[in-house]
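# Report on the structure
As a plain string of letters, each chain reads:
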Amino acid sequence: MKEVLDPLDSIQFDHSRWLNELLFSAKEIKLYQKRILELVKVFDDNEKGEDLMRMFSEFDKQKILAIQLKTKIKTHVINMSQLTHSNGQLRAMIDSDHNQAREDMENFRLQYANLKENFHRFSALQD
């Protein structure tokens, strides 16, 4: 017998997954930034040092974006819980806010993956 999942279960799963992903990203960004600062000490007086500092700033922007997304998702969860007994309003919120959050997460993932790829390409040149 096949059970139909409650759409709210899927949404809750998305929220949990996204929040965990953002938490992991924030921790990972700290590691990248620490490594960049180590590399800057070696290359601080040339163009590579400047490139590294730009990359550091880009990671900082991603960290800020992760925090903003986390806050937005938590606010969305709170707003949804307040509308649990008003199906029409809840459905409208899910259709708009949740889909926007999904799009925001996809954009974050893409930007963050590109930034990490750029770091690894740059870092590989140093070895």
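Placed above this text is the structure.
So, here's what we can say about the structure. (Residues numbered from 1 in each chain as written. Predicted model: local features only at pLDDT ≥ 70, side-chain atom pairs only at ≥ 80, totals over all residues. Heavy atoms only, no water.)

Turning our eyes to something else, we now look at the side chain of Ser25. Note on placement: Ser25 falls in helix α1 (residues 7-43). Residue class for Ser25 comes out buried when judged on its relative accessible area of 3%. Aside from chain neighbours lying at most four places away, what touches Ser25 is Phe108 and Tyr112. (Helix = DSSP H or I, 4+ residues; strand = E, 2+ residues; numbered from the N terminus. Buried < 20%, exposed > 50% of the residue type's maximum accessible area, 1.4 Å probe, protein only. Contact = heavy atoms within 4.5 Å.)

Evaluation of the coordinates by the stated rule reveals five aromatic pairs. Plain terms: the ring middles of Phe59 and Tyr112 are 6.5 Å apart, the flat faces sit at 85° to each other, and that makes the pair edge-to-face. Remark: Tyr112 occurs in helix α3 (residues 87-126) and Phe59 occurs in helix α2 (residues 47-82); sequence separation between them is 53 residues. Classification of Phe59 by relative accessible area gives buried; the value is 0%. Aromatic side chains Phe108 and Tyr112 sit 5.6 Å apart centroid to centroid with 15° between the ring planes, which places their arrangement in the stacked category. Of this pair, Phe108 and Tyr112 are both found in helix α3, four residues apart, which corresponds to roughly one turn of the helix. (Phe/Tyr/Trp six-rings, centres within 6.5 Å; stacked < 30°, edge-to-face > 60°.)

With that settled, consider the nonpolar core. Within the largest apolar cluster, 22 residues are counted, with the highest numbers of intra-cluster contacts made by Leu22, Ile36, Leu52, Met55, Phe59 and Phe119. Sorting the residues of this core by element identifies α1, α2 and α3 as the ones contributing at least two each. At eight residues, α1 tops the list of elements feeding residues into this core. Discounting residues that sit within four places of it in the chain, Phe59 has contacts with Ile29, Tyr32, Gln33, Ile36, Tyr112, Leu115, Lys116 and Phe119. (Core = buried A, V, L, I, M, F, W, Y, C linked by side-chain atoms within 4.5 Å.)

Here we come to α2. With 36 residues, α2 ought to run about 52 Å at 1.5 Å a step, and its terminal C-alpha atoms sit 53 Å apart, in line with that. Residues Gly49, Leu52, Met55, Phe56, Phe59, Gln62, Ala66, Leu69, Ile73, His76 and Met80 constitute the buried set of α2. Measuring from the side-chain oxygen of the N-cap residue of α2 to the backbone nitrogen of Lys48 gives 2.9 Å; that N-cap residue is Asn46. (Expected span 1.5 Å × (residues − 1). Polar contact = N/O pair within 3.5 Å; in protein donor to acceptor, adjacent residues only side chain to side chain.)

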